[in-house]
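The lines below spell out each chain.
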Amino acid sequence: TAKGLLAGLVVGLLPAVGPAQATTVIAHATRRNDLRNYLVATGALTAVSTIFSILSLFLIGKPRSGTAVAIQEILSTATPSHLTLFLAAVVFATGVSAIATLGCARVFLRVVQRINYHYLSIAVVGSLVALALLLSGPMGLLLLGTATAIGIFSQITGVRRTQPMAVLMVPVML
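Everything numeric here is computed off the predicted structure, so don't read it as measured data.

The rules behind these values
Residues numbered from 1 in each chain as written. Predicted model: local features only at pLDDT ≥ 70, side-chain atom pairs only at ≥ 80, totals over all residues. Heavy atoms only, no water. Helix = DSSP H or I, 4+ residues; strand = E, 2+ residues; numbered from the N terminus. Contact = heavy atoms within 4.5 Å. Areas by Shrake-Rupley, 256 points an atom, 1.4 Å probe, with all protein chains shown as cover. Core = buried A, V, L, I, M, F, W, Y, C linked by side-chain atoms within 4.5 Å. Buried < 20%, exposed > 50% of the residue type's maximum accessible area, 1.4 Å probe, protein only. Arc of directions from axis to C-beta. Patch = residues over 30% accessible without salt bridge, like charges linked within 9 Å, V, L, I, M, F, W, Y side chains within 5 Å. Salt bridge = Lys/Arg side-chain N within 4 Å of Asp/Glu carboxyl O. Phe/Tyr/Trp six-rings, centres within 6.5 Å; stacked < 30°, edge-to-face > 60°.

Novice: For the overall build of the protein chain, give the residues involved together with the corresponding values.
Specialist: The helix and strand tally for the protein chain stands at seven helices and zero strands. Put simply, the protein chain runs from its N terminus to its C terminus through helices and strands in the order α-α-α-α-α-α-α. In the protein chain, the proportion of contacts linking residues at least 24 apart, taken out of those at least 6 apart, comes to 50%. Accessible area for the protein chain stands at about 12,700 Å²; split by element, carbon and sulfur atoms hold 73% of it.

Novice: Explain the side chain of Ser154 to me, and be specific about the residues and the numbers.
Specialist: Tracing the sequence through the fold places Ser154 in helix 6 (residues 117–157). Excluding anything up to four places from it in sequence, Ser154 contacts Val159, Arg161 and Pro164.

Novice: Could you give an account of the nonpolar core, naming the residues involved and the relevant values?
Specialist: Grouped together as the largest cluster of nonpolar side chains are eight residues: Ile54, Leu57, Phe58, Ala68, Ile71, Leu75, Leu83 and Val90. Breaking this core down by element, the ones donating at least two residues are helix 3 (35–60), helix 4 (66–74) and helix 5 (80–113). Those residues in contact with Ile71 that lie beyond four places of it in its chain are Ile54, Leu57, Phe58 and Phe86. Among the nonpolar cores identified, the runner-up in size contains seven residues, and Val17, Ala22, Ile26 and Leu45 belong to it.

Novice: Which residues make up helix 2 (residues 19–29), and what values do they have?
Specialist: For helix 2, every residue scored as buried is listed here: Ala22, Thr23 and Ile26. Buried residues of helix 2, viewed axially, fall in a sector of 105°; they line one side. When the buried face of helix 2 is taken as reference, the exposed residues oriented beyond 90 degrees from it are Ala20, Val25 and His28.

Novice: Explain a nonpolar patch on the surface to me, and be specific about the residues and the numbers.
Specialist: A contiguous nonpolar surface patch, about 440 Å² in accessible area, is contributed by Ile115, Tyr117, Leu120, Val124 and Leu128. If you trace the backbone, Tyr117 turns up in helix 6.

Novice: Quick rundown of the environment of Leu39? Include the residues and the values.
Specialist: Here Leu39 lies in helix 3. Overall, Leu39 belongs to the exposed group, its relative accessible area being 53%. Sequence separation of Leu39 and Thr23 is 16 residues, and the distance between their C-alpha atoms is 9.7 Å.

Novice: Kindly report on the packing of aromatic side chains, identifying the contributing residues and their values.
Specialist: Tallied over the full model, the rule gives one aromatic pair. Consider the rings of Phe58 and Phe86, whose centres lie 6.2 Å apart with planes at 40°: the pair is tilted. With Phe58 in helix 3 and Phe86 in helix 5, the pair connects residues that are 28 residues apart, well separated along the chain.

The following block contains the structure:
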């Protein structure tokens, strides 16, 4: 869709703007009950941002995603035939993933409906706390607690989650 194409272009051109931020913009630009158009726009965003990332690697030599960094690590010198090959791979993978998504959606829906989200939430929070402690020690727990407090505060006060993200993004962009 046009929204996904435009969002992918923004992700591809602006530093510190990633697919998560663009998806938030698409969600606000899409009507609330129009889940199908949102999903199509999000899929288009992913494909377009991948294409722009690969193009930026080949045209200006700057990787803009993990995929582009991996390509840069593999290839010592990039040629136009490499660019064609990688763009064809992106188009092929996009088509295969669309077909696979349509095929798996019903099965996944049945599985998801049986999940007890209370226990899942406890397991996820416990895992995050354990990982923060294991990987970063007490300072990691302090950072996790601070980030959690900011997130809860923004929810309680009705502040959109994009505002706390802007606090992180603006200094990175500057």
